[in-house]
Amino acid sequence: QVQLVESGGGLVQAGGSLRLSCERSGRTFSKYNMGWFRQAPQKEREFVAAINWSGGYTYYADSVKGRLPISRDNAKNTVYLQMNSLQPEDTAVYYCALQYSGRASAPAQYNYWGQGTQVTVSS
């Protein structure tokens with residue numbers, strides 16, 4: 001059973017930074033993509049960023065491109081989301097997810113999900 005555990009969320013002021021981490025455990029195939037999604041109150045789950053198995057390809061939502069870079073360290077079984085210049089509209093529960101194949105921005109095409117970590121940005 002694959003498990004994903006997010007960490008690094010918290011409360012920050014607008015303009016601040018956080019780094020989210022997602023560590024994988026359990027058995028999986030060697031190559032897999034990882035993604036970050038977020039869900040704000042009363043809103044649908046929204047794609048944020050994704051990275052392929054090697055780290056050589058990344059894909060971002062237009063709203064966060066250049067501001068929330070995604071990276072991974074396969075030796076540590078961990079994917080990161082560096083969150084810079086945070087704004088109140090970034091407030092949400094952030095989820096990491098694992099995908100063997102599929103469209104990077106589609107939640108339904110991910111195979112495993114973490115339980116989420118809360119990010120709150122105050123103005």
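On a predicted model such as this, the values are computed, not experimentally measured, just so you know. Counting restarts for each chain, with residues numbered from 1 along the sequence as it is written. This being a predicted model, a pLDDT of at least 70 is required before a residue's local features are given, and a value of 80 or more before pairs of side-chain atoms are given or counted; all residues contribute to the totals for chains, interfaces and linings. The side-chain quantities take in all heavy atoms of the structure and omit both hydrogens and water.

Caption draft 1: The pattern of salt bridges, seen in detail. A pairing counts as a salt bridge when a side-chain nitrogen of Lys or Arg comes within 4 Å of a carboxyl oxygen of Asp or Glu. For the structure on display, the rule yields 3 salt bridges. Between R67 and D90 there is a salt bridge, with its nearest N and O atoms 2.7 Å apart. With R67 in the loop between β6 (58–60) and β7 (70–73) and D90 in the loop between β8 (78–83) and β9 (92–99), this pair connects stretches of sequence that are 23 residues apart. Just as R67 is buried, D90 falls in that class too. Bridged by salt links that share partners, the residues R38, E46, R67 and D90 form one connected network. Helix and strand definitions follow DSSP, with helices as H or I runs of at least four residues and strands as E runs of at least two, each counted in order from the N terminus. Whether a residue is buried, partly exposed or exposed follows from its accessible area with a 1.4 Å probe, protein chains only, as a fraction of its type maximum: under 20%, in between, or over 50%, in that order.

Caption draft 2: Structural detail: the nonpolar core. For this analysis, a nonpolar core means a set of buried residues of the types Ala, Val, Leu, Ile, Met, Phe, Trp, Tyr and Cys, connected via side-chain atoms within 4.5 Å. Counting 32 residues, the largest nonpolar core has M34, W36, V48, I70, L81, M83 and Y94 as the members making the most contacts within it. Breaking this core down by element, the ones donating at least two residues are β3 (18–25), β4 (33–39), β5 (46–51), β8, β9 and β11 (117–122).

Caption draft 3: A look at empty space enclosed by the protein. Only protein atoms enter the calculation, which uses a 1 Å grid: trapped sets of points that fit a 1.4 Å probe without letting it out are cavities, open sets showing protein on both sides within 12 Å along at least five of seven lines are pockets, and any residue with an atom within 4 Å of a point is a lining residue. Grid points are joined across faces, edges and corners, and a volume is the space filled by probe spheres set on the points. Within this structure, the stated rule accounts for 1 cavity of 30 Å³ or more. By volume, the largest cavity is sized at about 40 Å³. Within the residue set of the lining of the largest cavity, elements represented by two or more residues are β3, β7 and β8. Ten residues, namely Ala, Val, Leu, Ile, Met, Phe, Trp, Tyr, Cys and Pro, are considered nonpolar, four, namely Asp, Glu, Lys and Arg, are considered charged, and the remaining ones, Gly among them, are considered polar. A breakdown of the residues in the lining of the largest cavity according to their chemical character gives 4 nonpolar, 3 polar and 3 charged.

Caption draft 4: Quick look at the sheet that holds strand β1 (residues 3–7). Two strands qualify as a pair provided DSSP detects at least 2 bridges between them. Strand order in the open sheet made by the 4 strands is β1-β3-β8-β7, with antiparallel pairing throughout. A single partner strand is all that each edge strand has here, and the edge strands are β1 and β7. Taken over all neighbouring pairs, the strand axes of this sheet differ in orientation by 20 degrees on average, direction set aside. Where β7 lies against β8, 4 bridges are found, and the strand directions are antiparallel. Bridge assignment links R72 to a residue of β8, and that residue is V79. Here the axes come from fitting lines to C-alpha atoms, over the contacting stretch only for helices, and the angles between their N-to-C directions go from 0 to 180 degrees.

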